[in-house]
Amino acid sequence: MAGQPRQVEQLKLVRESTFGTADPLLSYTHIPFDSYSVALQAVPTITQRHSGFTDAIFHDMSEHNLRGSLVVEVFPELSSLLFELAGLPRVNNGLYSYSAIFFDSASSETVLHSGLTCESVTFSASNDQHLLTTFSLVGKRETVAGSIGTPTYPSGNPWAFSDGTFNVDSVEEGTIESFSLKINNVLAIPNFRDENLTIRTIDHGMRFSSLEWTMVTDATSRAVNYKNLLRAADNDMTLGVTFDYPGVGSPYDSLTIDIGRMVLETATPTGAIRELQTMACSATIVKPTPYASDIDAIVVTLS
């Protein structure tokens, strides 16, 4: 019997009105994805049962979980959906859940995943690349659905790294080579399960975020500036990243990510002898106004 490559040919997402309640008749958004690895996991009971001298006997399951990743470039038409899935901004201190419907050519099935919630996400880009999102997702249930329908494709290209400008402490950094924004939503999954062992609820914890970026340094000013910030234990850095869309084909002219306060943790010179010196920096993102419930540490604007 000849084999065939395992692939997910189409993927669509829609926001749920109720956690874990999927409706294949809703208006799903087609996602031109890089990879989708969310799959069902059956977890054996923790209790060790034995018979004889060897081999534990597991005769029941304690959990059915959906876990995996979604990697997709940030197209302008998908920007609102992807940032919302990431929890930017959070609504009433919570996260939206999503349903995914996809056609798996290996099993010739249209599959429905419900209750997908973002556990963590990384937004990253570097020279000659598009803005990329990597989601770690947790979900509730997998079922078989009907036809997925005809796919559509965004009319424009994704946001490109080359179209971005970076301002650190209101000073434009013209030599940024790469950046990576990481967000951990710190999900808590209670042990209470539905009758079919699926997740009943997901609690959304306090968000932790960090930023890493690499830049080419000049002979004096920028390298010295970062070293001085580190020596001074600076805890009030700001960052603004703006992507301006070139040409036509996008519903938005620009995408802006504003970080109101960061704590600089490292600023390490890198690069081999006779190469251009670069500096690898990392920072923890903190809430600009500690006790304000309506102020986000990361603000995304599409205009």
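Since we're looking at a predicted model, the values are computed, not measured.

## So, the overall build of the chain
Then, number 1: Each helix and strand in the chain was counted, giving two helices and 19 strands.
Then, number 2: Looking at the chain as a whole, 41% of its 303 residues qualify as buried.
Then, number 3: Counting contacts in the chain only where the partners sit at least 6 residues apart, residues at least 24 apart contribute 69% of the total.
Then, number 4: In the form shown here, the chain has an accessible surface area of approximately 15700 Å², with 51% of it arising from carbon and sulfur atoms.

## Quick notes on unusual backbone geometry
Then, number 1: Following L88, the chain continues to P89 via a peptide bond in cis, the omega torsion being -5°.
Then, number 2: As for its position among the elements, P89 is in the loop between α1 (79-86) and β6 (98-104).
Then, number 3: Despite not being glycine, D169 has its phi angle at roughly 50°, a positive value.
Then, number 4: For D169, the position within the fold is in the loop between β10 (164-168) and β11 (171-173).
Then, number 5: Residue classification places D169 among the partly exposed positions, given a relative accessible area of 30%.
Then, number 6: We note that S170 has phi near 65°; this positive angle belongs to a residue other than glycine.
Then, number 7: The topology assignment puts S170 in the loop between β10 and β11.
Then, number 8: S170 sits in the exposed class, given a relative accessible area of 68%.

## Observations concerning the nonpolar core
Then, number 1: One finds F135, F179, L181 and W213 to be the most contacted residues of the largest nonpolar core, which totals 60 residues.
Then, number 2: Setting aside its immediate chain neighbours within four residues, F179 contacts F123, S124, A125, L131, F161, F166, L211, E212, W213 and F243.
Then, number 3: Grouped together as the second largest cluster of nonpolar side chains are six residues, V14, Y28, L112 and A145 included.

## As for a nonpolar patch on the surface
Then, number 1: On the surface, a nonpolar cluster with roughly 320 Å² of combined accessible area is contributed by V186, M206 and F208.
Then, number 2: Under the relative-accessibility criterion, F208 is labelled exposed at 52%.

Rules and cut-offs
- Residues numbered from 1 in each chain as written.
- Predicted model: local features only at pLDDT ≥ 70, side-chain atom pairs only at ≥ 80, totals over all residues.
- Heavy atoms only, no water.
- Helix = DSSP H or I, 4+ residues; strand = E, 2+ residues; numbered from the N terminus.
- Buried < 20%, exposed > 50% of the residue type's maximum accessible area, 1.4 Å probe, protein only.
- Contact = heavy atoms within 4.5 Å.
- Areas by Shrake-Rupley, 256 points an atom, 1.4 Å probe, with all protein chains shown as cover.
- Core = buried A, V, L, I, M, F, W, Y, C linked by side-chain atoms within 4.5 Å.
- Patch = residues over 30% accessible without salt bridge, like charges linked within 9 Å, V, L, I, M, F, W, Y side chains within 5 Å.
- Salt bridge = Lys/Arg side-chain N within 4 Å of Asp/Glu carboxyl O.

Just distances and angles here, no functional claims.
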